[in-house]
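What the coordinates show
As a plain string of letters, each chain reads:
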Amino acid sequence: MNSSSSSSPSSTSKFLDLGSAIGQKEVKKILVLFLGLAASCLLLYKTAYPLPQELHVNNLTSPRPLLDHPSSSSPQTKRVSCFFQRSKSISFREVLENASTENRTVIVTTLNQAWAEPNSLFDLFLESFRIGQGTQKLLQHVVVVCLDPKAFDRCSQLHPNCYYLETSGTDFSGEKLFATPDYLKMMWRRIELLTQVLEMGFNFIFTDADIMWLRDPFPRLYPDGDFQMACDRFFGDPYDSDNWVNGGFTYVKSNHRSIEFYKFWYKSRLDYPELHDQDVFNKIKHEAIVSEIGIQMRFFDTVYFGGFCQTSRDINLVCTMHANCCIGLEKKLHDLNLVLDDWRKYLSLSEQVMNTTWSVPTKCL
């Protein structure tokens, strides 16, 4: 009895300690379960009643889905897709960082709904990278700046580096014909955005989406030029600013000269309100302030960077083909499809072609 009596407090204490430990574990499990249920309820509420969100060029924030847009139309799938788009918002700087090369160079293009529709220009643009020589690896460095929500949605289905730039008061979704008021606004928005790219310390190639990339153009860039631009017509001298320039393809290094020049270029739109960026460039390129800025300009030979204004004379050397000197989406689509057909035929040949004969332009005459 004494032995039993003396051990009773110790046994009771051990039993209570064991009960306390078990109780704490159960409490923790209940807390974890409660927090999980609370988070799920909050997610469903936010999905059903999303908070209004505005994106502006000032904060340069873009919603990008973590996953590709799913094809399933189930409510659960839609809720998850919506959640990822809202929660994985990243800044324009982050999009550029994700896409940049080791030397901080990105390839930038712009896109609206009209050019983003299935079987439209964006599909041809991406296809050219896939079938070009040495261009597949460059796709990871392409940043697509989308000018309307539908363009962003389509881009996000096809490409990882898409950024939605909202422009207040202007609808950029439809086809913008050359030199119309909305076209001018779109061109100047582009110059403004590219200025910001330079200010963030990124070099860039800007390319219109109606340019087919047939070869890696980087080996054809000049090593000593701050600002390098394609031409509608090239007259033989890469230093001659009187070449007929085309702003659809430019390579620009980020430095104080290029930043100051782009700021001056953008400001000059106020002096020429009815002209687009390319025509304003032609107005200001000989001004004294450009010489004072000290920017070094180079202009690309159309042998390497051709277009419908002046097609490349040698398919063995051509890097890009641009649907320039062509107004109208349907005409561009028709002739750019012919460009890719010509390129596929060239790739199928066992020997180099001595004389280049393009099937274009036909409708873009």
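In case you missed it, the structure is sitting above this.
The sections below set out a description of the structure shown in this document. Remember, it's a predicted structure, so these values are computed and weren't measured experimentally. (Residues numbered from 1 in each chain as written. Predicted model: local features only at pLDDT ≥ 70, side-chain atom pairs only at ≥ 80, totals over all residues. Heavy atoms only, no water.)

Re the sheet that holds strand S10 (residues 297-299)
Spatially, S5-S4-S3-S6-S9-S8-S10 is the arrangement adopted by the seven strands of the open sheet, whose pairing is mixed. With partners counted over all chains shown, the strands left at the sheet margins are strand S5 (162-164) and S10, one partner each. Direction aside, neighbouring strands of the sheet carry axes that sit 30° apart on average. On top of the sheet, helix H3 (residues 92-99) reaches strand S3 (105-111), strand S4 (142-146) and S5; it is set at about 155° to S4, its chief contact. (Pairing = 2+ DSSP bridges. Helix = DSSP H or I, 4+ residues; strand = E, 2+ residues; numbered from the N terminus. Axes fitted to C-alpha atoms, helices over the stretch in contact; angles between N-to-C directions. Contact = heavy atoms within 4.5 Å.)

Some words on the side chain of His 159
Checked against the element boundaries, His 159 lands in the loop between helix H6 (149-158) and S5. On the basis of relative accessible area, His 159 is assigned to the buried category, the value being 6%. Within the local environment of His 159, its side chain forms a polar contact with the backbone oxygen of Val 142, the two atoms lying 2.7 Å apart. Excluding anything up to four places from it in sequence, His 159 contacts Phe 122, Leu 139, Val 142 and Val 144. (Buried < 20%, exposed > 50% of the residue type's maximum accessible area, 1.4 Å probe, protein only. Polar contact = N/O pair within 3.5 Å; in protein donor to acceptor, adjacent residues only side chain to side chain.)

Section: the sheet that holds strand S7 (residues 211-213)
On the basis of which strands lie adjacent, the open sheet formed by three strands has the order S7-S12-S11 and mixed pairing. Both outer strands of the open sheet, S7 and strand S11 (305-307), are each paired with one neighbouring strand and no more. Direction aside, the axes of adjacent strands within the sheet are offset by 20° on average. Of the strand pairs in this sheet, S7 and strand S12 (residues 320-322) are connected by three bridges, and their pairing is antiparallel. When the bridges of S12 are listed, Met 212 appears paired with Met 321.

A few points about the pairing of strand S6 (residues 203-207)
Summarising burial for S6: five of the five residues are buried, a large majority. Burial of the side chains of S6 extends over both faces: Asn 203, Ile 205 and Thr 207 are buried on one face and Phe 204 and Phe 206 on the other. Where S3 meets S6, four bridges bridge the pair, whose relative direction is parallel. What sits directly across from Thr 105, in S6, is Asn 203. Two elements, S6 and strand S9 (residues 244-252), share four bridges in a ladder whose sense is antiparallel. From the neighbouring strand, Ile 205 faces S9, where its bridge partner is Tyr 251.

Let's talk about the environment of Phe 261
Its place among the elements puts Phe 261 in helix H8 (residues 256-267). Given the relative accessible area of 0%, Phe 261 is considered buried. Counting along the chain gives 28 residues from Phe 261 to Ile 289, while the straight-line C-alpha distance between them is 8.9 Å. Beyond its immediate chain neighbours, meaning those up to four positions away, Phe 261 contacts Phe 227, Phe 281, Ile 284, Val 290, Ile 293, Ile 295 and Met 297.

Quick notes on the packing of helix H7 (residues 181-199) against H8
Two numbers describe how H7 lies on H8: the axes approach to 9 Å, and their chain directions differ by 160°. Judged by the angle between their axes, H7 and H8 are roughly antiparallel. Where H7 crosses over H8, the handedness of that crossing is left-handed. Contacts from Trp 188, Ile 191, Glu 192, Leu 194, Thr 195, Leu 198 and Glu 199 in H7 reach Ser 258, Ile 259, Tyr 262, Lys 263, Trp 265 and Tyr 266 in H8. Counted by class, the contact of H7 with H8 contains eight nonpolar, two polar and three charged residues. (Parallel < 35°, antiparallel > 145°, perpendicular 65-115°, else oblique. Left-handed = near helix turned anticlockwise from the far one by under 90°. Nonpolar A, V, L, I, M, F, W, Y, C, P; charged D, E, K, R; others polar.)

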